[in-house]
Amino acid sequence: MTANEIIRKKREGNSLTSEEMQFLLLGYVNGEIPDYQISAFLMAVFFRGMNTEETVEFTRLMLHSGVVVDLSAISGKKVDKHSTGGVGDKISLPLAPIVAACGVPVPMISGRGLGHTGGTLDKLEAIPGFDVNLTIDEYKKVIAETGLVMIGQTKEIAPADKKMYALRDVTSTVECIPLIAGSIMSKKLAEGIDALVLDIKTGRGAFMQSYERSLELAQTLVSIGNKFGKETVGFITDMNQPLGYAIGNWLETKESIDCLRGEHIPDVMELTYVLGGAMVMLGGKADSIEEGIDRCKEVVETGRAFNKFVELVKAQGGDSKFLLHPEKYPPAKYSEIISSREDGFISEIDSLELGLSGITLGAGRTKVDDVIDPKAGILLKKKIGDKVKKGEQIAEIFTDKESVIPEVKKRVESAYTFSSAQTFPAKLIHAVVDKNGVREFSIH
Ligand code: URA
């Protein structure tokens with residue numbers, strides 16, 4: 001067997017055996033197969049795809065390229081959530097402590113900002129001292145003591161994915177369903193979970209912009225989770241405008257704290273409660289998603305969810321003073337108001353443009369080694385459906401980089417579209433996908 005023959009076989013559209021994929025993946029992790037051959041393999045998969053058996057086998061090989069954490073010593077069903085990423089998507093921050101406060105342990109391994117989308121790790125690191133680089137032993141200790149833990153991918157977790165993801169990023173092979181599925185699910189299955197909830201974004205600010213592709217990704221992810229014996233439920237959710245009002249790391253962490261302290265930010269809390277309700281149900285603490293939603297609302301109202309977040313922050317070395325007094329957080333050097341250029345109703349907000357503007361302000365990276373400014377970002381003052389008058393504030397930008405302000409002001413301004421007739425945002429939760437198939441989602 002040679003790498004060359006296997007690449008040719010995939011290039012010609014044939015399916016690969018487990019042995020062939022193992023030869024490539026293990027050879028790659030061990031440094032015996034070079035980047036250029038794996039790049040060619042990835043591009044062949046990008047164009048030729050993988051059938052279901054290949055995708056499952058690919059995931060299994062990626063998963064077993066590293067350690068599968070054993071959390072069996074922790075009682076209860078462990079449940080995590082994964083989002084395919086969006087703009088203003090801070091949901092993990094309020095969600096994990098809410099679900100943990102309901103008595104369901106949440107082991108969470110998250111990622112950093114990717115392209116125009118933000119990452120949970122960068123938001124957590126906006127809290128001074130918060131350490132996302134725990135060892136596996138520390139990860140186990142924190143979840144045992146607090147009921148939740150939030151870290152980044154360690155060197156032991158799915159190393160084949162870690163190495164291959166960096167290559168996909170620079171060879172334009174990210175947007176490929178079997179590769180995404182193997183990448184996401186190998187990391188999630190390695191965490192020690194018993195069940196998983198997935199948030200698959202669709203729309204302008206998502207990796208999968210069309211509903212059909214998002215559905216295909218959702219079905220692939222859910223079927224892999226279930227094949228590995230982990231009950232998996234996926235929600236297809238809208239990413240045609242940013243979630244909530246905040247974009248940028250500290251701004252989003254602060255918005256999450258506000259939610260945990262009972263502020264009702266409608267889309268953030270609707271999504272948090274639905275994903276949370278499903279997690280609480282899968283964790284065996286409710287009989288239905290609806291009952292799980294009620295449990296989640298109770299722990300926010302009683303303050304238990306916020307206290308759980310404080311507990312987590314302290315356990316991972318973060319300075320909890322900023323949770324109790326977010327107003328003490330150092331402000332960005334510059335802020336500028338963006339005003340409406342017309343009277344009317346806001347009909348569209350281009351979340352991709354706002355995500356990219358956030359990066360220019362310092363909230364994200366264009367190269368892996370870029371340093372993020374946690375204070376940088378955008379606060380929306382108006383969202384789709386809101387009525388505005390010409391000259392009224394629609395957004396505010398925050399940055400330490402004075403030179404980027406004129407360009408970003410223009411981009412944020414033009415990300416808004418107005419109409420004279422009243423408009424409404426798209427439905428936030430389009431569908432739910434589970435072992436029984438796909439159905440429209442509504443709460444009874
Ligand atoms: N997130 C991942 O972890 N992997 C992908 O391939 C895409 C998004």
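Parameters and conventions
- Residues numbered from 1 in each chain as written.
- Predicted model: local features only at pLDDT ≥ 70, side-chain atom pairs only at ≥ 80, totals over all residues.
- Heavy atoms only, no water.
- Axes fitted to C-alpha atoms, helices over the stretch in contact; angles between N-to-C directions.
- Helix = DSSP H or I, 4+ residues; strand = E, 2+ residues; numbered from the N terminus.
- Parallel < 35°, antiparallel > 145°, perpendicular 65-115°, else oblique.
- Contact = heavy atoms within 4.5 Å.
- Phe/Tyr/Trp six-rings, centres within 6.5 Å; stacked < 30°, edge-to-face > 60°.
- Buried < 20%, exposed > 50% of the residue type's maximum accessible area, 1.4 Å probe, protein only.
- Lys NZ or Arg CZ within 6 Å of the ring centre and 35° of its normal.
- Pairing = 2+ DSSP bridges.

Glancing now at the packing of helix H2 (residues 18-29) against helix H8 (residues 159-170). Following both chains from N to C, one finds H2 and H8 inclined at 90 degrees, their axes separated by 9 Å at the closest point. By the angle between their directions, the pair H2 and H8 is classed as roughly perpendicular. Where H2 abuts H8, its residues Leu 25, Tyr 28 and Val 29 lie against Ala 160, Lys 163, Met 164 and Leu 167.

With respect to the helices and strands, Met 208 occurs in the loop between strand S4 (195-202) and helix H10 (211-227). What Met 208 contacts, discounting residues up to four positions off in sequence, is Ile 177, Ile 180, Lys 201, Thr 202, Gly 203, Arg 213, Ser 214 and Leu 217.

Following the sequence through the fold, Gln 316 ends up in the loop between helix H14 (304-315) and helix H15 (321-324). Not counting residues within four places of it along the chain, the set of residues in contact with Gln 316 comprises Gly 129, Phe 130, Asp 131, Val 132, Leu 134, Val 142, Val 149, Met 150 and Ile 151.

Evaluated as defined, the whole model comprises 5 aromatic pairs. Between Phe 46 and Phe 47, the ring centres sit 5.4 Å apart and the planes meet at 75 degrees, which makes this aromatic pair edge-to-face. Seen from their ring centres, Phe 235 and Phe 441 are 5.4 Å apart, and the 85 degrees between their planes marks the pair as edge-to-face. Taken together, the residues span a long stretch of sequence, with Phe 235 in strand S5 (residues 231-238) and Phe 441 in the segment after strand S14 (437-440) at a distance of 206 residues. Across the pair, exposure class does not vary: Phe 235 and Phe 441 are buried alike. Grouped by ring-pair contacts, the aromatic residues Trp 250, Phe 322 and Tyr 329 constitute a single cluster. Sitting over the face of the ring of Tyr 165, Lys 187 holds its NZ or CZ atom 5.8 Å from the ring centroid.

This part is about the sheet that holds strand S6 (residues 246-247). Strands in a sheet are paired, the pairing made by backbone hydrogen bonds, and the direction either parallel or antiparallel. Read across the sheet, 4 strands follow the order S6-S9-S11-S7 without closing on themselves; strand pairing throughout is antiparallel. This sheet does not close on itself; its edge strands, each paired only once, are S6 and strand S7 (334-339). In the sheet, S7 pairs with strand S11 (residues 393-399) via 6 bridges, with the strands oriented antiparallel. Bridging from a neighbouring strand, Ser 335 pairs with Phe 398 of S11. Lying on the sheet, helix H17 (residues 405-415) is in contact with S7, strand S9 (377-380) and S11; it crosses S7 at an angle near 30 degrees.

Here we take up the sheet that holds S5. In space, the 5 strands of this open sheet follow the order S1-S4-S5-S13-S14, with mixed pairing throughout. Whereas interior strands pair on both sides, the edge strands pair on one side only; in this sheet they are strand S1 (79-83) and S14. Neighbour-to-neighbour, the strand axes of this sheet turn through a mean angle of 20 degrees, independent of strand direction. Running at roughly 160 degrees to S1, helix H9 (residues 177-190) makes contact with S1 and S4 of the sheet.

Note: most residues except glycine have negative phi, and most peptide bonds are trans. Positive phi values are uncommon outside glycine, yet Ala 158 reaches one of about 40 degrees. For Ala 158, a relative accessible area of 0% corresponds to the buried category. Backbone geometry at Ser 172 places phi at a positive 55 degrees, although glycine is not the residue there. For Ser 172, the location among the structural elements is in the loop between H8 and H9.

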